[in-house]
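Single-letter residue listing:
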Amino acid sequence: LNGFVVIETANGPATVALAGMTPAALSPAEHVRVDAVARSTFYLHAGDDGLMSEDEYTSAQRSIFEVADFNRNGVLKRGELQAFANRQALVSTGV
């Protein structure tokens, strides 16, 4: 959503700018939806104090990784990540 994505290359991770991904690329409704999802996710993991600690953050990220790692081998391959993203897109749109 910030116009960049990190990809794996032979030389390690590299950050690549996405064509057309600028704040103006999202409609006002999409901005509202992204903000709502971000806030919901934050408060879901932040706990009762409304603050997200490093442990809460890493736990949330670990949970996402575990859900995306379909074969439970501790490694995400492109197909798993794509399948996870597709499933998340369907869930978030209510399909």
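Shown above is the structure to which this text applies.
Calculation rules
- Residues numbered from 1 in each chain as written.
- Predicted model: local features only at pLDDT ≥ 70, side-chain atom pairs only at ≥ 80, totals over all residues.
- Heavy atoms only, no water.
- Helix = DSSP H or I, 4+ residues; strand = E, 2+ residues; numbered from the N terminus.
- Buried < 20%, exposed > 50% of the residue type's maximum accessible area, 1.4 Å probe, protein only.
- Contact = heavy atoms within 4.5 Å.
- Areas by Shrake-Rupley, 256 points an atom, 1.4 Å probe, with all protein chains shown as cover.
- Expected span 1.5 Å × (residues − 1).
- Salt bridge = Lys/Arg side-chain N within 4 Å of Asp/Glu carboxyl O.

A. View of the overall build of the protein. Along the protein, the regular secondary structure elements total three helices and two strands. In sequence order, the protein lays out its α and β elements as β-β-α-α-α. Taking all 95 residues of the protein together, 9% fall into the buried category. Expressed as a percentage of contacts within the protein between residues at least 6 apart in sequence, the contacts between residues at least 24 apart total 6%. Element-wise, carbon and sulfur atoms account for 60% of the exposed surface of the protein, whose accessible area totals about 7600 Å².

B. How the structure looks around unusual backbone geometry. The phi angle at R72 is positive, at roughly 55 degrees, despite the residue not being glycine. With respect to the helices and strands, R72 occurs in the loop between helix 2 (54-68) and helix 3 (78-93).

C. Spotlight on helix 1 (residues 28-46). The terminal C-alpha atoms of helix 1 lie 27 Å apart, and with 19 residues this matches the ideal 27 Å at 1.5 Å per residue to within 8%. Immediately downstream of helix 1, the backbone of G47 shows phi near 85 degrees, a positive value.

D. Molecular detail of the pattern of salt bridges. Using the criterion set out here, one finds one salt bridge in the structure. As a salt-bridge pair, D35 and R39 come within 2.8 Å of each other at their nearest N and O atoms. In this pair, D35 and R39 are both assigned in helix 1, four residues apart and thus about one turn of the helix distant. On the basis of relative accessible area, R39 is assigned to the partly exposed category, the value being 47%.

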